[in-house]
Amino acid sequence: MIKKEELKNSTVNEIIEEYPYTESFFDGQKLAVDDGDKSLREIFADLTVEEMEDVVFDVDQFADSLASHIRNMQEFLGENDSVVGTLSILAGKDKDGELENYDKLDIKSGEIISIVGPTGSGKSRLLADIEWTAQGDTPTERKILINDEVPDKKWRFTGGKKLVAQLSQNMNFVMDLSVIEFLNLHAESRLIDNQEEVVERIFTEANQLAGEQFSRDAQITSLSGGQSRALMIADTAILSSSPIILIDEIENAGINREKALELLVGEEKVVLMATHDPILALMGDKRIIINNGGIKDIIKTTAEEKELMKELKVLDKVMTDLREDLRYGKNLSRISDELAAVKTA
């Protein structure tokens, strides 16, 4: 909460350092600021009678206007929405109206939660409940809490609020922009100071995720499904203010799955992913088991399972190499050697 008294007692330099977008506010006022190390109260106290006539308002009115400007900018940038320490899912009911087999699941920022279950079991419904911060008003009757509180309604009914970013299986761009133009446009909308550095980092990370490299000048509408997904994952992880990321079957994206998750979690996001992939399922800190529309179990990934995942990664690499060799018309004898090594391991 922005306190007017604190603003009046803060120096101009302190205010601009904490809220960089206020620099344009000061530039647009008729208030002469010749010393940024003076507080607003001191600046108004030093004004001459003639200067006061030009300024018109007093320090209280100026602080009110400044506080309103800061709130509006925070609203636009989503800064007030970005702090999520805990996402909680309160139990609801399955398709038969039976209570789910748990009371409350707390998910901390930086955790990965995998959601597994048969096709049609209700994985997408759980993601939708989280996206809409359900309050017992969806078919499952689940409730979602943010930091142990009922979420603000603006996250449900205001399109500009982005508590949740969802990465679906198909990413389709409609703007005819190059990759670098798209990233710069998004960075500019976030009013970040180090735009060039951030854009370059997103581009680099996206190319490390993608199975096939793409250039800065490539049109985003010409990117493959995997390239588009890689670009949006890097963009979401680094530039998006959304603290909760929902991913639907990342294994179908043709990207580096492990690095994608590491990137998202490294930016202190809450990550939930619906998946059929055993490696991705075991990469989660916990996995939610869905069946018949309800949560049947919540399993914490054990140390033994993490060891099993290492073996599965070896097998997965063999399959990845096989696919790549087939695509590029290579001899498959190398794969036979890899399989033999796996059998003797």
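Data block above holds the structure.
First, a word on scope: everything that follows refers to the structure included in this document. The structure presented is a predicted model; accordingly, all values stated were derived computationally and were not measured. Every chain is numbered on its own, with residues counted from 1 as its sequence reads. Thresholds applied to this predicted model are a pLDDT of at least 70 for local features of residues and 80 or more for the giving and counting of side-chain atom pairs; totals over whole chains, interfaces and linings are not thresholded and use all residues. By convention in this description, side-chain values take in all heavy atoms of the structure and omit both hydrogens and water.

With that out of the way, let us pick up the environment of glutamate 23. One can find glutamate 23 in helix H3 (residues 22–28). Residues glutamate 23 and valine 12, spaced 11 residues apart in sequence, show a C-alpha to C-alpha distance of 8.9 Å. Helix and strand definitions here come from DSSP, where helices need a minimum of 4 consecutive H or I residues and strands a minimum of 2 consecutive E residues; each element is numbered from the N-terminal end.

Turning to the sheet that holds strand E9 (residues 294–300), a few remarks are in order. A pair of strands is considered paired only if DSSP assigns at least 2 bridges between the two. Strand order across the open sheet formed by 6 strands is E5-E6-E7-E3-E8-E9, with mixed pairing between neighbours. Two strands bound the open sheet, and with one partner strand each, they are strand E5 (164–167) and E9. The average undirected angle you get between the axes of adjacent strands in this sheet is 20°. Bridging between strand E3 (residues 112–116) and strand E7 (residues 270–274) involves 4 bridges; their strand directions are parallel. Paired with serine 114 across the strands is methionine 273, a residue of E7. To get an axis, fit a line to the C-alpha atoms, keeping to the stretch in contact for a helix; angles then go from 0 to 180 degrees between the N-to-C directions.

Only Phe, Tyr and Trp rings take part, Trp by its six-membered ring, and two of them pair if their centres are within 6.5 Å. Stacked means planes under 30 degrees apart, edge-to-face means over 60, and tilted covers everything else. For the structure on display, the rule yields 4 aromatic pairs. Measuring from ring centre to ring centre gives 6.3 Å for tyrosine 19 and tyrosine 21, while their planes differ by 40°; the resulting arrangement is tilted. Among the residues examined, tyrosine 19 registers a relative accessible area of 12% and is labelled buried. When its relative accessible area of 11% is taken as the criterion, tyrosine 21 is described as buried. Look at phenylalanine 44 and phenylalanine 62: their rings are 5.5 Å apart centre to centre, the planes differ by 55°, and that puts the pair in the tilted class. Placement of the pair is phenylalanine 44 in helix H4 (residues 40–45) and phenylalanine 62 in helix H6 (residues 59–77), with a sequence separation of 18 residues. Taken as a pair, phenylalanine 44 and phenylalanine 62 share a single burial class, namely buried. Taken together, the ring pairs connect Phe25, Phe44 and Phe62 into an aromatic cluster. Partly exposed describes any residue whose relative accessible area lies between the buried limit of under 20% and the exposed limit of over 50%, with all areas from a 1.4 Å probe on protein chains only and scaled to the type maximum.

So, on to the sheet that holds strand E4 (residues 143–146). Here 3 strands make up an open sheet; going across it, the order is E2-E1-E4 and the pairing antiparallel. In this open sheet, the two edge strands, each paired with only one partner strand, are strand E2 (104–108) and E4. For this sheet the average axis-to-axis angle between neighbouring strands, irrespective of direction, equals 20°. Direction of pairing for strand E1 (residues 86–90) relative to E4: antiparallel, over a ladder of 4 bridges. By the bridge assignment, leucine 87 is partnered in E4 with isoleucine 146.

So, on to the packing of helix H11 (residues 225–238) against helix H12 (residues 257–266). Their axes nearest at 8 Å, the elements H11 and H12 cross at an angle of 20°. Considering the angle they form, H11 stands roughly parallel to H12. Crossing of H11 over H12 shows left-handed handedness. Here H11 contributes Ile233, Ala234, Ala237 and Ile238 to the contact with H12, which in turn contributes Ala260, Leu263 and Leu264. Classifying every residue of the contact of H11 with H12 gives 7 nonpolar, no polar and no charged. Each angle receives one of four descriptions, namely roughly parallel if under 35 degrees, roughly antiparallel if over 145, roughly perpendicular if within 65 to 115, and oblique otherwise. Crossings are sorted by hand: turned counterclockwise from the far helix by less than a right angle, the near helix makes the crossing left-handed, and turned clockwise it makes it right-handed. By definition, residues are in contact when any of their heavy atoms lie within 4.5 Å. Amino acids are sorted into nonpolar (Ala, Val, Leu, Ile, Met, Phe, Trp, Tyr, Cys and Pro), charged (Asp, Glu, Lys and Arg) and polar (every other residue, Gly among them).

By this rule, a helix spans an expected 1.5 Å times one less than how many residues it contains. Its 15 residues place the ends of helix H10 (residues 195–209) 21 Å apart at the C-alpha level, agreeing with the 21 Å of an ideal helix rising 1.5 Å per residue. Within the span of H10, buried status applies to Val198, Val199, Ile202, Phe203, Glu205, Ala206, Asn207 and Leu209. Residues of H10 that are buried in the fold lie against helix H9 (179–189), H11 and H12.

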